[in-house]
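Chain and residue survey
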Amino acid sequence: MALRCYTPRVLVEVAVAAAVRGRFTYRVPSALAPGVSLGQRVAVPFGKSRRATGYVVGFPASAPDGIELRDVVEVLDPFPPFTPELVELLRWAEEYYLVPPGELLRAALPPGLNARRGEAGPARRGVEYAAPAEAAAGAAADPKALARAPAQRAVLEYLLARGRIPVEELRAAFPKGRPAVAALARRGLVRLETETPVARGALLPASAAAPVLTPAQAAALVELDAAAGTFQPFLLHGVTGSGKTEVYLQAIARARGAGKGALVLVPEIALTPQLAGRFRARFGDDVALMHSGLSDAERHAEWLRLRRGDARICVGVRSAIFAPVQDLAIIVVDEEHDPSFKQEDGPPYHARDLAVVRAKREDAVLVLGSATPSLETLENARAGRYRKLELPARVDDRPLPEVELVDLGRLRRGGVAKLPGLLAPQLSEAIARTLEASQQVILFLNRRGYETLVVCEVCGAEAQCTECAVSLTHHARRGILLCHYCGRTERMDARCPACGGVRYGVGVGTEQVEAAVRELFPAARVARLDRDVVTSADDTAAVLARFARRELDVLVGTQMVTKGHDFPGVTLVGVVLADTALALPDFRAAERTFQLLTQVAGRAGRGAEGGRVVVQTFNPRTPAIALAARHDYAAFAAGELDRRRTVGYPPFTRMMAARVEGSEDGARRSAEALAHAARPALGGEVAMLGPAPAAIERIRGRHRWHLLFRADGPKALFRVHAALARVAVRPPGGAAIRFDMDPYSMM
Ligand code: ADP
Ligand code: ZN
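Parameters at a glance
Residues numbered from 1 in each chain as written. Chains lettered and ligands numbered in written order. Predicted model: local features only at pLDDT ≥ 70, side-chain atom pairs only at ≥ 80, totals over all residues. Heavy atoms only, no water. UniProt positions renumbered as here; feature names shortened; annotations may be inferred. Core = buried A, V, L, I, M, F, W, Y, C linked by side-chain atoms within 4.5 Å. Buried < 20%, exposed > 50% of the residue type's maximum accessible area, 1.4 Å probe, protein only. Contact = heavy atoms within 4.5 Å. Pairing = 2+ DSSP bridges. Helix = DSSP H or I, 4+ residues; strand = E, 2+ residues; numbered from the N terminus. Axes fitted to C-alpha atoms, helices over the stretch in contact; angles between N-to-C directions. Donors = N, O, S within 2.8 Å, 3.2 Å for Na, K, Ca; no water. Tetrahedral: all angles 85-135°; square planar, octahedral: opposite > 155°, others 65-115°. Phe/Tyr/Trp six-rings, centres within 6.5 Å; stacked < 30°, edge-to-face > 60°. Lys NZ or Arg CZ within 6 Å of the ring centre and 35° of its normal.

An unreviewed UniProt entry lists the protein under the name Replication restart protein PriA, with Anaeromyxobacter oryzae as the source organism. Entered under Function (unreviewed entry) in the UniProt record, the comment concerning the protein runs "Initiates the restart of stalled replication forks, which reloads the replicative helicase on sites other than the origin of replication. Recognizes and binds to abandoned replication forks and remodels them to uncover a helicase loading site. Promotes assembly of the primosome at these replication forks." According to the UniProt record, the Subunit (unreviewed entry) comment for the protein is "Component of the replication restart primosome."

What follows is the structure, encoded as structure tokens:
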């Protein structure tokens, strides 16, 4: 193919955020050329006279012949929303995670910004502006003026095209243009002016004093300090309450002392006011928060503060891995094992894994902190790729709580048929004693609703969703049957719609636990925390605040009660049913169970009184449960790693899922077409599992199939992916196909 060659920056490669996604080459009109930099948003013609938004992702030197190139229409921001480092990170992520070009770029911006324009400006406090003076147009029009000063002419033309702009932007466009700008100002062709800033509300003082570190914390900080300025990943393994957060805070203080920025990723649910408050208390307004509890406008404002350099520390959830933190020196991933770092809906990526990539590209120190490190991270530490730092004891040497296992199977075999709220006598007695001592209780159950299954006594029919292949959950207070996958509701009828027989419910959910506690302990102040009772981050914060103020005695809830909270009044944690995560169709089910139990047990005994944990289970001898009860992470991890090695699962292999959704016929045919196309590409290195219907065969009326590919490394998987491209573009029967690299959910 013949190539036409162009001088640099005459052509741009643009990732277009449109229905047909891809990277396309455009020509840059000379008037716009100085303003077009990497990461800039531009308007481009797309398809038939359509105007689409895109992001500049590269500057190709040549374009394929035979294609008529079109011009960039407009540059949309005075300053690119993405730094060159972020453009590179996003590009890497799109390639690794097999995401169509432009999709992650779009997902990485705060919601408001995609729709707005012209707001990524670098308006720093005390902003300096440059503007063309009256004489500028005349000078530019005269070919003899500035004939011997091409740099000045270029700057002047740029300014005439764009009007008054921040000097910082001019510097970005002309990195060596400072003398030219000064000369133009002396000639009276350019005006330079400084604008007084508008005060940004009352600044939060950065006050809270840092405690003196324990010897283990101090040793960890010394190592982090020694690595400053280089890419060095660390695993900070410390039991809950061992002072990991304090280590992050002091390491970040060092980075800030050196004028550098920091990024802290935390799990979705952990970003409660408590954790955010600790960062804000230490660093004040230097912290920008990024989480789903913020409004679009707030998120946009926080994002802008980072982009402008007004805030240099970002504390945020998964998507904050793309936050425009300036001059990044350290990335912290707290609770690095948490599954919420893996995005399941929308473009799939793993924020913890991207943190490794970002830290490497920006020469930053990386701290992966956890009480129960993921087996991937542990294996990286064992192989010497990460350095391991340990905080083996709780601060002040408070002991870890004692964990007692209650064997529900044995109770049942012993004739105890029905436990209200599934509370075994041991657990209700423990609750009674705790309440008598005026202390607090957390009860954890990872299932919402009153009963998880409603069955007819006569014909045995289960209440099922008509759109999804799952049973409906009974929510008693609302009097409905609810599908937890599509949100469909039905009135709860005590009679079977098929035969008129009486229906009964099985499977305890949080609503039933709450009801049982209220009935058993009428004097206790009880609240529930799950997605049925709280719908916003503010609601969640309000419930947690009441609990922290000890206006509540018992808190019943789903995973929302397990994370990061520090309630000194809690001396009893009850796990109503430890087995819920064990049954998931996921090779990480055991790991997940161990992590959840350790996490929730860590909520007990954070005060002076010590703590106790009661775990109810039908599987008391399963390693994930038995070893969590003994706080024995090392034994659990060793056993589980052995098992993974034997069966050939990550971290010893890599996986890629192809997920198919469509009509019954379309989904099956597409899955078969994928398998057919994949077979010749498997070679000896890739194992293919499936095609098979997914664990949940139907959601929202769409049938679901999947294939899993497993290999020693990603290269062979990319090769298989390439072989599937043709099927993926036009799947039989109109199905949709998504690829998922390093998949989590096998549902
Ligand atoms: P983790 O993040 O490992 O769960 P934290 O950093 O939250 O642990 O510490 C647990 C508790 O101990 C917190 O209340 C924290 O303020 C306190 N703490 C941490 N480090 C110290 C220290 N060096 N001296 C005194 N208190 C500390
Ligand atoms: Zn449904």
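Within the largest apolar cluster, 113 residues are counted, with the highest numbers of intra-cluster contacts made by Phe82, Leu263, Ile321, Phe322, Phe709 and Val720. Look past the residues within four positions of phenylalanine 709 in its chain and what remains in contact with it is Arg654, Met655, Met656, Ala658, Ala678, Leu682, Val686, Ala687, Met688, Leu717, Val720 and Leu724. By size, the runner-up hydrophobic cluster in this structure holds 31 residues, among which are Phe234, Ala255, Val287 and Leu389.

Here the focus is the sheet that holds strand 31 (residues 702-711). The pairing of strands in a sheet comes from backbone hydrogen bonds and takes either a parallel or an antiparallel form. Strand order in the open sheet made by the four strands is 30-31-29-32, with antiparallel pairing throughout. Each of the sheet's edge strands pairs with one partner strand only, and the pair in question is strand 30 (687-699) and strand 32 (736-741). Strand-to-strand twist of the sheet, defined as the mean angle between neighbouring strand axes without regard to direction, takes the value 20°. Across nine bridges, the pairing between strand 29 (residues 654-662) and strand 31 is antiparallel.

Turning our attention to the coordination of the zinc ion (ligand 2). The protein atoms that coordinate the zinc ion (ligand 2) are Cys465 (SG), Cys468 (SG), Cys483 (SG) and Cys486 (SG), at distances spanning 2.3 Å. Here the zinc ion (ligand 2) is ringed by four donor atoms whose angles at the metal span 107 to 113°, and the overall shape comes out tetrahedral. Considered as a linear motif, the donors of the zinc ion (ligand 2) on their single chain read C-x2-C-x14-C-x2-C. Of this pair, cysteine 468 sits in the loop between strand 20 (451-456) and strand 21 (473-475) while cysteine 486 sits in the loop between strand 22 (480-482) and strand 23 (489-491); the two residues are 18 residues apart in sequence, bridging distant segments of the chain.

Going through the model one piece at a time under the given rule, you end up with 10 aromatic pairs. Seen from their ring centres, phenylalanine 24 and phenylalanine 46 are 5.2 Å apart, and the 70° between their planes marks the pair as edge-to-face. Residue phenylalanine 24 is located in strand 3 (residues 22-27), and its partner phenylalanine 46 is located in strand 4 (residues 41-46); the two are separated by 22 residues in the primary sequence. Note on tryptophan 92 and tyrosine 96: the rings are 5.1 Å apart at their centroids and 10° apart in plane angle, and the pair reads as stacked. Taken together, the residues span about one helical turn, with tryptophan 92 and tyrosine 96 both in helix 1 (residues 84-96) at a distance of four residues. Among the aromatic residues, those joined into a cluster by ring pairs are Trp92, Tyr96, Tyr97 and Phe718. Positioned above the aromatic ring of tyrosine 744 is the side chain of arginine 588, whose terminal nitrogen or guanidinium carbon lies 3.9 Å from the ring centre.

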